[in-house]
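# Structural features, examined
Residues per chain are reported as follows:
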Amino acid sequence: MHLVVYLPLLAPVPAALGARPLAESVEPRLATWLLACGALALAVLSCAALGVLAVAGLVRLPLAALVGGWSATLVRAGDPVSTVEAVLAGLVLTAAAATGARLLWRRARALAAAALEAACLPGPDRLVVLDHPVPDAYALPGLPGRIVVSTAMLDVLDEADCEAMFAHERAHLACHHYAFVAAVHLAVAVNPLLRPAATAVAYTVERWADERAAAACGSRRQVARAVGKAALATAHTPSAKSIRTDVMGFLGRGRRRDPLASAGPVPRRVAALLAEPRSHLKLFNIPLLPLGAAAALIGTSALCAFAAAHELHAILERAGLG
């Protein structure tokens with residue numbers, strides 16, 4: 001138990017290292033699912049490992065032994081986890097749970113505020129045009145969701161570009177991309193080692209929307225052109241409009257303090273749209289290598305967490321739990 005219980009805590013490291021390569025090489029929709037679900041699974045398993053360590057220290061206490069009906073002396077003799085390790089694990093687990101709960105509360109409030117704002121926007125149509133000097137466009141989740149675009153953005157783009165932009169924003173709403181972003185941010189709140197996965201998902205949801213827009217417009221080049229023109233217009237703006245972190249925008253998500261902050265993912269998106277789709281080793285149109293790597297990492301972490309919990313249970317049984 002002393003060895004395997006730490007493997008789920010280390011598993012987010014290779015996951016973080018592989019997040020960007022996976023985002024670049026795998027079809028965006030599949031990459032988003034793999035990254036978001038994998039990050040959540042690894043966060044849960046790391047918490048389970050911390051829980052095992054914390055419980056291993058808790059069961060040594062005389063009061064716990066009295067209530068549970070086992071010998072604290074035998075537990076201490078058979079349990080390799082030190083008291084310091086157990087205390088540290090308990091503190092980290094408490095901090096992770098508190099951070100995760102706070103993020104869930106903030107996300108719920110932000111989504112409720114977004115839905116209220118979407119309902120209060122003028123006009124019955126899904127598309128809302130706001131008179132604003134800053135070029136911007138974003139999807140606002142709600143019932144129904146709204147697509148908000150500034151007049152400055154419409155001045156920059158021609159009719160074909162606007163069609164691509166609107167298709168991009170409709171994809172954000174139809175595919176509920178804000179939910180994937182919220183899920184991976186919850187995983188990061190619980191385990192900060194997974195932060196690169198959040199950056200990768202922020203990119204893959206934009207790529208997913210780009211590909212859906214290209215399919216709707218019938219031209220990948222047109223979507224690339226619209227993204228590039230919008231990026232140039234934003235780069236020449238002294239300050240960008242502040243939008244909520246849950247809002248999905250045409251040039252990416254979140255608040256941009258510096259217009260050049262989006263210079264990284266935008267050229268990559270344009271290059272991906274202009275390039276030929278990459279070929280992968282596939283079986284029934286599913287990439288084998290990323291799925292296999294993700295399954296192996298998550299499966300190993302789950303097996304180790306289960307093995308550690310089973311060993312702790314066996315120690316308690318030998319100490320008189322039966």
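The shown structure was predicted, so the numbers you read here are calculated from the model rather than taken from an experiment.

What counts, and where the lines are drawn
Residues numbered from 1 in each chain as written. Predicted model: local features only at pLDDT ≥ 70, side-chain atom pairs only at ≥ 80, totals over all residues. Heavy atoms only, no water. Helix = DSSP H or I, 4+ residues; strand = E, 2+ residues; numbered from the N terminus. Contact = heavy atoms within 4.5 Å. Areas by Shrake-Rupley, 256 points an atom, 1.4 Å probe, with all protein chains shown as cover. pLDDT = per-residue confidence, 0-100. Buried < 20%, exposed > 50% of the residue type's maximum accessible area, 1.4 Å probe, protein only. Pairing = 2+ DSSP bridges. Phe/Tyr/Trp six-rings, centres within 6.5 Å; stacked < 30°, edge-to-face > 60°. Lys NZ or Arg CZ within 6 Å of the ring centre and 35° of its normal. Axes fitted to C-alpha atoms, helices over the stretch in contact; angles between N-to-C directions. Parallel < 35°, antiparallel > 145°, perpendicular 65-115°, else oblique. Left-handed = near helix turned anticlockwise from the far one by under 90°. Nonpolar A, V, L, I, M, F, W, Y, C, P; charged D, E, K, R; others polar.

## Observations regarding the overall build of the protein
Helices and strands together make up the secondary structure of the protein, namely 13 helices and 7 strands. Taking contacts inside the protein between residues at least 6 apart in sequence as the whole, the part at least 24 apart equals 71%. Of the accessible surface of the protein, which amounts to about 16,000 Å², a share of 67% is contributed by carbon and sulfur atoms.

## Brief notes about the confidence of the model for the protein
For the protein, per-residue confidence averages 81 on the pLDDT scale, and 79% of positions sit at 70 or higher. Predicted confidence in the protein is weakest over strand 6 (residues 282-283), with a mean pLDDT of 45, and strongest over helix 9 (residues 177-190), with 94. When the criterion is pLDDT under 50, residues 280-284 qualifies, and its contacts beyond four places in sequence or with other chains add up to 8 contacts.

## Notes on the side chain of Arg207
For Arg207, the location among the structural elements is in helix 10 (residues 195-217). Here Arg207 falls in the buried class, since its relative accessible area comes to 9%. Apart from the residues within four sequence positions on either side, Arg207 is in contact with Pro28, Arg269, Ala272 and Leu273.

## Topic: unusual backbone geometry
Even without being glycine, His176 reaches a positive phi, approximately 55°. Position of His176 among the secondary structure elements: in the loop between helix 8 (159-174) and helix 9.

## Some remarks on the pairing of strand 3 (residues 146-150)
Taken across its 5 residues, strand 3 has 5 buried, putting it largely inside the fold. Taking every second residue as pointing to the same face, both faces of strand 3 are buried, with Arg146, Val148 and Ser150 on one and Ile147 and Val149 on the other. Of the pairings in the sheet, the one linking strand 1 (residues 127-130) to strand 3 comprises 4 bridges and is parallel in character. Bridge pairing in strand 3 places Leu130 opposite Ser150. By the bridge criterion, 4 bridges tie strand 2 (residues 137-140) to strand 3 in an arrangement that is antiparallel. Counterpart to Leu140 in the pairing with strand 3 is Arg146. Counting the residues between successive antiparallel strands, the hairpin from strand 2 to strand 3 contains 5 residues.

## Quick look at the packing of aromatic side chains
Applying the stated criterion across every chain, the model contains 2 aromatic pairs. Between Trp33 and Phe180 the ring centres are 4.9 Å apart and the planes differ by 85°, which places this aromatic pair in the edge-to-face class. Highlighted residues: Trp33 in helix 3 (residues 28-58) and Phe180 in helix 9, separated in sequence by 147 residues. What makes Trp33 partly exposed here is its relative accessible area of 45%. Residue classification places Phe180 among the buried positions, given a relative accessible area of 11%. Aromatic ring contacts, followed pair by pair, group Trp33, Phe180 and Trp208 into a single cluster. Here the basic side chain of Arg268 rests over the ring of Tyr203, its NZ or CZ set 4.1 Å away from the ring centre.

## With respect to the packing of helix 3 against helix 6 (residues 83-120)
Running from N to C, helix 3 and helix 6 cross one another at 135°; their axes reach a closest spacing of 8 Å. By the angle between their axes, helix 3 is oblique relative to helix 6. Classified by chirality, the crossing of helix 6 by helix 3 is left-handed. Residues Cys47, Leu50, Gly51, Leu53, Ala54 and Gly57 of helix 3 form the contact with helix 6, whose own contacting residues are Ala86, Ala89, Gly90, Val92, Leu93 and Ala96. Here the residues of the contact of helix 3 with helix 6 sort into 9 nonpolar, 3 polar and no charged.

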